[in-house]
Amino acid sequence: MAVQQQLDAVLSAVGQGVLVLDSDFRVVRLNAAGHRLLDMPMALAEPGVPARDLVWHCAERGDFGPGDPAELTAEFLALLTLREPQAFEHHRPDRRLLTVRSQPVAGGGVVLAYSDETDFRHAVDDLHAANSTLERSVGDHAQTIARLSAAVEAVNGRVEEAVRDKARTLDLVNHALRAAAGSLHAPARALLAGPLGPVERGHVGDLLRSLDSLRLILDDLGDLVRLESDEIRLLDSPFTVETVVGSALTALGEQAEERDITLLAEIDPAVPATVVGDAAWLRHVLVELVGRAVRDNHAVDITLRVTPAGLPDGRQGLRFAVGDAGPDAAEELRAWLTQGVPPLDGALRRQGWRGLGLHICRRLVGLMGGEIGEEPGPDGTRVLWCTAALPALAEEPAAVAERPPLTILVVEDNPVNQRVNAWLLRKDGHRVAVVGDGREAVDLAARGGFDAVLMDLDIPGLDGIAATRAIRALPAPQGAVPIIAITSSALPDDIERCRAAGMDDHLPKPVNPAALARVLDRLTGPASGAAAAGDGAGGAAGDGTDGMEGGFDGGVLGALEAVIGRGKVLELVGDFLAHARDVEGQLAMARDLMDPTIFGAVTGELKTMAGTVGLTGVYQSAVALERAVRNGDEEAIDAQAALLARQMAAGVERLRGQWAQ
Amino acid sequence: MDKKAVDYDQYRILVIEDQPFVRRTIMQILTQIGFRTIAEADNGETGMQECIRSNPDIIVCDIDMKPVSGLQFLANLRASGEVGNNRTPVVFLTNHTESEIVKKAMALGVNGFVVKPPSFGALKERVDRLLAAR
């Protein structure tokens, strides 16, 4: 009996409903949980009641779904007779869900175990519901995201438009400010022309200086607007590093002189002579960096060092470093780099602050694939530096590689030009002696041993012309040494003076390496000598530029072809030839009206185009014409304009012969 | 080229410039040069009306103006049958040294340029040359 009692206790205690049927399918027992779960009338749960009645009751009230209770009951009992474990479901009218497992008992009879799975099933349903809600909401989210991104795009479009608007507005403001500043110039200058006390004169001078610096700031602002609206496209043209470095330092020469500063360039021998990039913008950056150092200093040497540099993206580049920048420039650059803005209050307090310069450099250097930064230099100074992707020109225009080395005397007092010229010559294997004074030059030349002399015209002691005469007065062979003038002007008068003094040729500053090599080649080659240097038409004042071998540097287009291909070069030449047809008429009109602006438009465009296609004669003639226009000498303008027209005609012939399609 | 003394007060000159301050400055310079009959207009449209009304001997004209620019004014003038003389010399005041604008102006038949801000000397030189060529 103890076993029966224990069994009773277990059956009462378990949460599951348990129905025990005997072999005749009559009720043996339904435990308490079973009563509760099945919600059976007590009469049907009594021992001995046929299971059929109990099942019928359930079927009738719909526990097994819709259908005939008799059939449902028969089906249920048939399943039980299979004498295998079975599983059913009861769906109670109160929406509860019961699962039933039947277990046949040895010796006949069945035990049915009921469990309430409503909660579980609800949980599952909830999960399903939640799932589909999630799916719906994911769908909703996708829609929301689509709507959002459409909105973002719209906003983006508006922002872009606003940025364009901003650029346009800034451009407009810039234009208006420039016009306003411009219109102040005339009255201010008119004031200066009148009777003024010294104090008033000082005030007007200050006003004019302020207007000038305002114009510089407006220039910067204009550059910045163009940078911000991606209007600046950098060129990929070959240029010589020394030329750009020299021209940047020359631009600052006056400022440096005022502050008793010597500008020096130090170009590492490993730097390629010719690289590909945008010379004009690079020069802009160098002028700003060196200019900062100049403005921050007094009575020192400032050196611009150029070295090869590997860029972060693996490209070949150059590094330009300016020593002796003041702490202010370094601090300002750091502020631009880290905070995006300079320390305004401090910067504005400083005199001569141009504001946007370093920021523009940063953007430009970025466009050039490089970086900008500052680092400690010697003696507590700071070094401003930048890098730029400037690959070496694939094929350097080699002209003089096989020439035997020469011994050359360079007479030049400007230390930058001294270095650049000496470096150019040494690069080609020549031996170089440099003197900065005309008298020394004559002394050295008298000792002999030189194959050629490069003579700057403006040197202390004896000037270039007088030194040449003195050398020519020496007995041969010292007196017959070829002398090449290095001139800052291409004025016919100057050229004529050079020739009259006995010079063999002239080259304009800054010295173009290819032209220098060619001139040396011609003057010192086996078939030449000073006597052969006369080069045909020479002599007359108007023909001052014909020393440039008819004014055509074929190497320029050759070098360009190596970079952009023959097709593009032919296109370029085609453009130039088409343009050349208009130039004659424009020049005639400019001469007729003697109008500086029209001359400026013609020569400005011509210089760019002629330089690009290697018409050095046209280029120099255009420069000479510009100079004549600036000086306002009508006779010289007329002569130079006529010369330019002739140079154009000759240049067009050469281009047609060699490069036209 | 000989420069004879020019009798400025016998010539009528028209200044077309949209900025009153600049316009006044130019008129003052022209007065200093010796002009006595100076008409003014503030854009190419009123400039054209003034041209028809006062038939000037020479015109000093800005380029950037609204609604009618200097270039458009020049084109209208050269094509006009209403003005006394549609070949009247026109000098452009310009900030532009861009060759495109200069060339456009040349194609339209401009007679000279003076860079802004115009100085006494530059304006006088330009005007002298054009009056001497008459």
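Throughout, a residue's number is its position along its own chain's written sequence, starting from 1. Chains carry letters and ligands carry numbers; both start at the beginning, A for chains and 1 for ligands, and go up in the order they are written. Owing to the predicted nature of the model, reporting of local features is limited to residues with pLDDT of at least 70; listing and counting of side-chain atom pairs is limited to 80 or more, with chain, interface and lining totals taken over all residues.

1. Details of the overall build of chain B
Phase 1: Per the convention used, a helix needs a DSSP run of H or I reaching at least four residues, while a strand needs a run of E reaching at least two, with both numbered from the N terminus. Counting its regular elements, chain B contains five helices and five strands.
Phase 2: Ordered by position from the N terminus, the helices and strands of chain B form the series β-α-β-α-β-α-β-α-β-α.
Phase 3: Labels follow a simple rule on C-beta atoms placed from the backbone: if 20 or more others lie within 10 Å of a residue's own, it is buried; if 12 or fewer, it is exposed; otherwise it is partly exposed. Here chain B holds 134 residues, and the buried ones make up 40% of them.
Phase 4: Residues are defined as contacting one another if the C-beta atoms placed from their backbone atoms lie within 7 Å. Excluding contacts between residues fewer than 6 apart, the proportion of contacts in chain B whose partners are at least 24 apart in sequence is 64%.

2. What to know about the interface of chain B and chain A
Phase 1: Taken together, the 21 residues of chain B in the interface contact 20 residues of chain A.
Phase 2: Contributing elements (two or more residues each) for the side of chain B that touches chain A: α1 (20-33), α4 (99-108) and β5 (112-115) of chain B.
Phase 3: For the side of chain B that touches chain A, the leading source of residues is α4 of chain B, giving four residues.
Phase 4: Split by residue class, the side of chain B that touches chain A holds nine nonpolar, nine polar and three charged. Residues were grouped as follows: Ala, Val, Leu, Ile, Met, Phe, Trp, Tyr, Cys and Pro as nonpolar; Asp, Glu, Lys and Arg as charged; and all remaining residues, including Gly, as polar.

3. Structural notes on the confidence of the model for chain B
Phase 1: Mean pLDDT over chain B: 87, with 94% of residues reaching 70 or higher.
Phase 2: Across the interface, the model reports ipTM at 0.75; the global pTM reads 0.35. A residue's pLDDT is the confidence the predictor assigns to it, expressed on a 0 to 100 scale.

4. Let's talk about unusual backbone geometry
Phase 1: In this structure, the amide linkage connecting Lys 66 of chain B to the following residue, Pro 67 of chain B, adopts the cis form with an omega of 0°.
Phase 2: Here Pro 67 of chain B lies in the loop between β3 (58-62) and α3 (70-79).
Phase 3: Phi angles above zero are rare outside glycine, and Ala 299 of chain A is one such case at about 50°.
Phase 4: Checked against the element boundaries, Ala 299 of chain A lands in the loop between α9 (279-295) and β9 (301-310).
Phase 5: Phi is positive for Met 594 of chain A, which is not a glycine, with a value near 50°.

5. A word on α9 of chain A
Phase 1: A rise of 1.5 Å per residue sets the reference length of α9 of chain A, with its 17 residues, at 24 Å; its end C-alpha atoms lie 23 Å apart and thus fit the reference within 8%.
Phase 2: When you tally the buried positions in α9 of chain A, you get 13 out of 17 residues, the bulk of the element. Multiplying 1.5 Å by the residue count of a helix minus one yields the expected span of that helix.

6. Notes on the environment of Leu 462 of chain A
All names here are of chain A.
Phase 1: Residue placement: Leu 462 occurs in the loop between β15 (452-456) and α15 (464-472).
Phase 2: Distance in space between the C-alpha atoms of Leu 462 and Gly 438 is 4.4 Å, their sequence separation being 24 residues.
Phase 3: Not counting residues up to four positions away in its chain, the partners in contact with Leu 462 are Gly 438, Arg 439, Val 442, Ala 467 and Ala 470.

7. Quick word on the sheet that holds strand β16 (residues 483-487) of chain A
Residue and element names in this part refer to chain A.
Phase 1: Taken together, five strands build an open sheet; the order of strands is β14-β13-β15-β16-β17 and the sheet is parallel. A single partner strand is all that each edge strand has here, and the edge strands are β14 (431-435) and β17 (505-508). Within the sheet, the average angular offset between the axes of one strand and its neighbour, ignoring direction, is 20°.
Phase 2: Lines are fitted to the C-alpha atoms to define the axes, a helix being fitted only along its stretch in contact, and any angle between axes, read from their N-to-C directions, falls within 0 to 180 degrees. Against the sheet, helix α13 (residues 415-427) touches β13 (407-411), β14 and β15, its axis set at about 165° to β14. DSSP-based pairing: two strands are paired if at least 2 bridges between them are found.

8. Digging into the sheet that holds β5 of chain B
Residue and element names in this part refer to chain B.
Phase 1: One open sheet accounts for five strands, arranged β2-β1-β3-β4-β5; its pairing is parallel. The strands lining the two open edges of the sheet, one partner per strand, are β2 (37-41) and β5. The mean inter-strand angle of the sheet, taken between neighbouring strand axes irrespective of direction, is 20°.
Phase 2: Summarising the sheet, strand β4 (residues 90-94) and β5 pair through four bridges and their orientation is parallel. In the strand pairing of β5, Phe 92 is matched with Phe 113.
Phase 3: Contacting β1 (12-16), β2 and β3, helix α2 (residues 44-54) runs over the sheet at an angle of about 170° to β1.

9. Regarding the UniProt feature "modified residue: 4-aspartylphosphate" (unreviewed entry) in chain B
All names here are of chain B.
Phase 1: UniProt feature "modified residue: 4-aspartylphosphate" (unreviewed entry): in the numbering of this structure it lies at Asp 62.
Phase 2: Relative to the assigned elements, Asp 62 resides in strand β3.
Phase 3: Of the residues examined, Asp 62 has 26 C-beta atoms within 10 Å and is grouped as buried.
Phase 4: Not counting chain neighbours up to four residues away, the residues in contact with Asp 62 comprise Ile 16, Glu 17, Asp 18, Gly 70 and Leu 93. UniProt positions are given in the numbering used here, feature names are shortened, and annotations may be inferred rather than shown by experiment.

10. Remarks on the nonpolar core
Phase 1: Definition of nonpolar core: a set of buried Ala, Val, Leu, Ile, Met, Phe, Trp, Tyr and Cys residues joined via C-beta atoms within 7 Å. Among the nonpolar cores identified, the biggest contains 90 residues, and Val 245, Val 290, Val 411, Ala 452, Val 453, Met 455 and Ile 484 of chain A are the most heavily contacted of them.
Phase 2: Element by element, the count of residues in this core is highest for α9 of chain A, at nine residues.
Phase 3: The source of the domain bounds is an automatic or database domain assignment. Of the residues that make up this core, three or more belong to each of domain 3 (238-389) and domain 4 (407-544) of chain A.
Phase 4: Non-local contacts of Met 455 of chain A, meaning those with residues more than four positions away in its chain, are made with Val 411, Gly 464, Ala 467, Thr 468, Ile 483, Ile 484, Ala 485, Ile 486 and Met 503 of chain A.
Phase 5: Counting residues in hydrophobic clusters, the runner-up holds 68 residues, among them Val 613 and Val 652 of chain A together with Val 15 and Ala 41 of chain B.

11. With respect to the environment of Gln 418 of chain A
All names here are of chain A.
Phase 1: Within the fold, Gln 418 resides in helix α13.
Phase 2: With 153 residues separating them in the primary sequence, Gln 418 and Ala 265 have C-alpha atoms 9.9 Å apart.
Phase 3: Ignoring any residue separated from it by four or fewer positions in sequence, one finds Gln 418 in contact with Val 410, Glu 412 and Val 434.

12. Points about the packing of helix α20 (residues 596-613) of chain A against α4 of chain B
Phase 1: At their nearest, the axes of α20 of chain A and α4 of chain B sit 9 Å apart, and the two run at 125° to each other. Relative to α4 of chain B, α20 of chain A is oriented oblique. Crossing of α20 of chain A over α4 of chain B shows left-handed handedness. Contacts from Thr 597, Ile 598, Ala 601, Gly 604 and Glu 605 of chain A of α20 of chain A reach α4 of chain B at Ser 99, Val 102, Lys 103 and Met 106 of chain B.
Phase 2: Within the contact of α20 of chain A with α4 of chain B, the residues separate by chemical class into four nonpolar, three polar and two charged. Under this scheme an angle from 65 to 115 degrees is roughly perpendicular, one under 35 degrees roughly parallel, and one over 145 degrees roughly antiparallel; angles in between are oblique. A crossing counts as left-handed when the near helix is turned anticlockwise from the far one by less than a right angle, and as right-handed when that turn is clockwise.

13. A word on the packing of α9 of chain A against helix α12 (residues 357-367) of chain A
Each packed pair of helices is defined by two parameters, the angle between the axes and the distance between the axes.
All names here are of chain A.
Phase 1: Two numbers describe how α9 lies on α12: the axes approach to 10 Å, and their chain directions differ by 145°. Regarding α9 and α12, the two cross each other, and that crossing is left-handed. Contacts between α9 and α12 involve Trp 281, His 284, Val 285, Glu 288 and Leu 289 from the first element and Gly 357, Leu 358, Cys 361, Leu 364 and Val 365 from the second.

14. Re the pairing of β15 of chain A
A regular strand places its side chains so that they alternate between the two faces of the sheet.
Residue and element names in this part refer to chain A.
Phase 1: Counting buried positions along β15 gives five out of five residues, so the element sits mostly inside the fold.
Phase 2: Summarising the sheet, β13 and β15 pair through four bridges and their orientation is parallel. Each bridged residue has a counterpart across the sheet, and for Leu 409 the counterpart in β15 is Val 453.
Phase 3: Sheet analysis places β15 next to β16, joined by four bridges and oriented parallel. Paired with Met 455 across the strands is Ala 485, a residue of β16.
Phase 4: Clockwise travel from the first strand over the helix to the second, with the strands pointing away from the viewer, marks a crossover as right-handed. Between the parallel pair β15 and β16, the chain is carried across by α15, and the sense of this crossover is right-handed.

15. Topic: the pairing of strand β11 (residues 372-376) of chain A
All names here are of chain A.
Phase 1: Pairing between β11 and strand β12 (residues 382-389): five bridges, direction antiparallel. Residue pairing for β12: Glu 375 is matched across the bridge by Val 383.
Phase 2: Linkage of β11 to β12, two consecutive antiparallel strands, is achieved through a turn of five residues, within which Asp 379 is found at a positive phi near 55°.

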